[in-house]
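# Working through the structure, step by step
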Amino acid sequence: MVTNNEAESRYEIHVDGALAGFLEYRTVGGVLALVHTEVDDAYAGQGLGGKLAKYALDDAMARDVKISPLCPFVAKYIDKHPEYRVTVR
């Protein structure tokens, strides 16, 4: 399950109630900068990073917020999913 933890400025993914990974963000001048993705080693290779990226991009699209994919993982995700390219500035 992915949630937006606004107090920590990050999207978080939980597995069985435990934090399994997160995607940090900053909002600067109305732009959502996605800065860092981290997934616990125990969950590596299970697609959790992709779920975090998708959630963040879907959330930004729903709120009509411009995105800056500073995190290399998110930039690669966008390259593989062209439907998100139009949202990135």
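Figured I'd write up the structure that's included with this text. (Residues numbered from 1 in each chain as written. Predicted model: local features only at pLDDT ≥ 70, side-chain atom pairs only at ≥ 80, totals over all residues. Heavy atoms only, no water.)

### Some remarks on the pattern of salt bridges
- By the definition in use, this model includes four salt bridges.
- The partner of Arg-10 in a salt bridge is Glu-12, with the nearest N and O atoms 2.8 Å apart.
- On the basis of relative accessibility, which here comes to 17%, the residue Arg-10 falls in the buried class.
- Since its relative accessible area comes to 8%, Glu-12 is described here as buried.
- A salt bridge links Glu-24 to Arg-26, with the shortest nitrogen-to-oxygen separation between them at 3.7 Å.
- Residue classification places Glu-24 among the partly exposed positions, given a relative accessible area of 22%.
- Overall, Arg-26 belongs to the partly exposed group, its relative accessible area being 39%. (Salt bridge = Lys/Arg side-chain N within 4 Å of Asp/Glu carboxyl O. Buried < 20%, exposed > 50% of the residue type's maximum accessible area, 1.4 Å probe, protein only.)

### Details of the sheet that holds strand 3 (residues 18–28)
- Read across the sheet, five strands follow the order 1-2-3-4-5 without closing on themselves; strand pairing throughout is mixed. This sheet does not close on itself; its edge strands, each paired only once, are strand 1 (2–5) and strand 5 (66–68). Neighbouring strand axes in the sheet, compared pairwise and without regard to direction, differ in orientation by 30 degrees on average.
- One ladder, built from eight bridges, connects strand 3 with strand 4 (residues 31–39); its direction is antiparallel. Of the residues in strand 4, the one forming a bridge with Phe-22 is Glu-38.
- Here helix 1 (residues 48–62) sits on the sheet in contact with strand 1, strand 2 (10–15), strand 3, strand 4 and strand 5, set at roughly 135 degrees to strand 2. (Pairing = 2+ DSSP bridges. Helix = DSSP H or I, 4+ residues; strand = E, 2+ residues; numbered from the N terminus. Axes fitted to C-alpha atoms, helices over the stretch in contact; angles between N-to-C directions. Contact = heavy atoms within 4.5 Å.)

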